[in-house]
2 protein chains.
Amino acid sequence: MSAPAIILSHPQLGENIGAAARAMKNFGLADLRLVAPRDGWPNEKATAMAAGAADIVEAARIFETTEAALADLQLVYATTARERGFAKPVLTPAAAATRLREAHSAGHQTGILFGGERSGLDNHEVSLATAIVNIPTDSFASLNLGQAVLLLGYEWFKAADETPALRLEHGPLAKLATGEEMAHLFAHLEEELLKSGFLYPPDKTEAMMRNIRAMLTRADFTDQEVRTLRGMIVALTRGKRRALS
Amino acid sequence: MSAPAIILSHPQLGENIGAAARAMKNFGLADLRLVAPRDGWPNEKATAMAAGAADIVEAARIFETTEAALADLQLVYATTARERGFAKPVLTPAAAATRLREAHSAGHQTGILFGGERSGLDNHEVSLATAIVNIPTDSFASLNLGQAVLLLGYEWFKAADETPALRLEHGPLAKLATGEEMAHLFAHLEEELLKSGFLYPPDKTEAMMRNIRAMLTRADFTDQEVRTLRGMIVALTRGKRRALS
């Protein structure tokens, strides 16, 4: 177990503990630690809200003090919603996630500390942490405990996620059309558009075809789609010939 | 109003509509559009859950069809949890947010489309969108509607947020210590450590002081903190002299 521990200090509502567990499981986190949960432990509402993440709630460890919950950790970030006025580095969630990943690569045990619903972390707890994490929001800032855990978990996951920023979704056999397939499409289209009188007058033909090529290359067609387009050209010209004959 | 519209297609629970509105307001989004909400409209539970974002719920517009809700938009991303098997670009939330910001800079109206709780968007709705957005998760993927809106809103906000990744939180008058202040601290410390016999044997003095400087520069002390450290040295050496006298 090397992903960061999620430490909830003095959480109040079981629902929020359950929501935090569910948020954790979405992003590969499992080590949940609770400091003096207000309504005791175990908490049925936490288990119910966790749904498919009930295993995380059941494995949660309970501590009497924040110090005890952090005792084995080497790098702890404290999430806070407001400035505290003492000198402490403040990180964005993304920067914190990068540093947590770096610490894990170095074999360190890490954690992210969250305060209770009513008043967050107290200054003593913040002073125990390596640094502070602030979630940037608009002037209206009303993130609940589960949402804060969700956003930090998301950034943790993202920091190692290799999903390409953009990919083309298509079947396993489809591939993008080659330059040659596109050239054949354009030749076919130009031939039929010349016959039809669309590329008129002749001194505009080249510019018109250039615009058509620009428009059609922008769509990143697959080879199958190019065959479909060529079939459409055949059908449209045949239809016209039939209508004319 | 130029931030993306959030379009919820066939949402079921008022609570989730309210949670979506609240997530939107955290990240500067305000244009909420609902396609055929199951329980009719207005919906008391949506307003109650929205809390401080009730104005967004009250200003929401209702449409009978997804086409109508998208009619004025020029770039629409559809959020989906699974592959659809037709050729369509798939973006990460971060990449989608960057492109949405680019579209806004170009003056385009944009939107992000979310499906209902039970089965998400249908293939016809996905085919109306410019591209697909997938939220990356671990194998356990159980994000609800409000959480999906939260993560997309967060990325939208982040794409233009200028919060530095790391900053040192301190009062408005504090500043980091200068090289000269640190040099005076090290000279003071070295003098007292030499007197005390700590820097022994003499051929190790330079290496020991180098390690001490490395350790103490890493903490990015402020000028005030350097004065505090020098006061500590004075107090500790005075205490020792008193004890010895």
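Residues numbered from 1 in each chain as written. Chains lettered and ligands numbered in written order. Predicted model: local features only at pLDDT ≥ 70, side-chain atom pairs only at ≥ 80, totals over all residues. Heavy atoms only, no water.

Caption draft 1: Just the pairing of strand β6 (residues 110-114) of chain B, in detail. Residue and element names in this part refer to chain B. Across the 5 residues that make up β6, a large majority, 5, are buried. The pairing of strand β1 (residues 5-9) with β6 spans 4 bridges and is parallel. Residue pairing in the sheet places Ala5 in a bridge with Gly111 of β6. (Buried < 20%, exposed > 50% of the residue type's maximum accessible area, 1.4 Å probe, protein only. Helix = DSSP H or I, 4+ residues; strand = E, 2+ residues; numbered from the N terminus. Pairing = 2+ DSSP bridges.)

Caption draft 2: Just the domain arrangement of chain A, in detail. Segmenting chain A into domains produces domain 1 (5-158) and domain 2 (179-237). Relative to domain 2 of chain A, the C-alpha centre of domain 1 of chain A lies at a distance of 57 Å. (Domains from an automatic or database assignment.)

Caption draft 3: Layout of the packing of helix α1 (residues 14-26) of chain A against helix α7 (residues 145-158) of chain A. Residue and element names in this part refer to chain A. Closest axis-to-axis distance for the α1/α7 pair is 8 Å, and the angle between their directions is 15 degrees. Compared by their axis directions, α1 and α7 come out roughly parallel. α7 is crossed by α1, and the crossing has right-handed handedness. Residues Asn16, Ala19, Ala20, Ala23 and Met24 of α1 form the contact with α7, whose own contacting residues are Leu145, Gly146, Val149 and Leu150. Residues of the contact of α1 with α7, tallied by class, amount to 7 nonpolar, 2 polar and no charged. (Axes fitted to C-alpha atoms, helices over the stretch in contact; angles between N-to-C directions. Parallel < 35°, antiparallel > 145°, perpendicular 65-115°, else oblique. Left-handed = near helix turned anticlockwise from the far one by under 90°. Contact = heavy atoms within 4.5 Å. Nonpolar A, V, L, I, M, F, W, Y, C, P; charged D, E, K, R; others polar.)

Caption draft 4: Just helix α7 (residues 145-158) of chain B, in detail. Residues and elements named next belong to chain B. Over its 14 residues, α7 extends 20 Å from the first C-alpha to the last, a length consistent with the 20 Å expected when each residue adds 1.5 Å. A large share of α7 lies buried, amounting to 13 of its 14 residues. Two or three places before Gly146, at the start of α7, stands the capping residue Asn144, its side-chain oxygen 3.0 Å from that residue's backbone nitrogen. (Expected span 1.5 Å × (residues − 1). Polar contact = N/O pair within 3.5 Å; in protein donor to acceptor, adjacent residues only side chain to side chain.)

Caption draft 5: Representation of the pattern of salt bridges within the structure. According to the stated counting rule, one finds 21 salt bridges over all chains in the structure shown. Taking the shortest distance from any N to any O, the salt bridge between Glu155 of chain B and Lys158 of chain A comes out at 2.6 Å. With Glu155 of chain B in helix α7 and Lys158 of chain A in helix α7, this pair bridges two chains. Between Arg61 of chain B and Asp31 of chain B there is a salt bridge; the shortest N-O distance is 3.1 Å. On the criterion of sequence distance, the pair formed by Arg61 of chain B in strand β3 (residues 61-63) and Asp31 of chain B in the loop between α1 (14-26) and β2 (32-35) is long-range, its members being 30 residues apart. Take Arg61 of chain B: its relative accessible area is 40%, and that puts it in the partly exposed class. For Asp31 of chain B, a relative accessible area of 12% puts it in the buried group. Linked through salt bridges whose partners overlap, the residues forming this network are Asp31, Arg33, Arg61 and Asp72 of chain A. (Salt bridge = Lys/Arg side-chain N within 4 Å of Asp/Glu carboxyl O.)

Caption draft 6: Molecular detail of the interface of chain B and chain A. The interface is formed by 50 residues belonging to chain B together with 50 residues belonging to chain A. Here chain B packs against chain A, burying approximately 4100 Å² in sum over the two surfaces, 56% of which is carbon and sulfur. Our enumeration of links across chain B and chain A arrives at 2 salt bridges. Those elements giving two or more residues to the side of chain B that touches chain A turn out to be α1, β5 (88-91), α5 (93-105), α7 and β8 (166-169) of chain B. A total of 7 residues in the side of chain B that touches chain A trace back to one element, the largest contributor, which is α7 of chain B. Residues belonging to the side of chain B that touches chain A are distributed by class as follows: 24 nonpolar, 13 polar and 13 charged. (Buried area = accessible area lost by both parts, 1.4 Å probe.)

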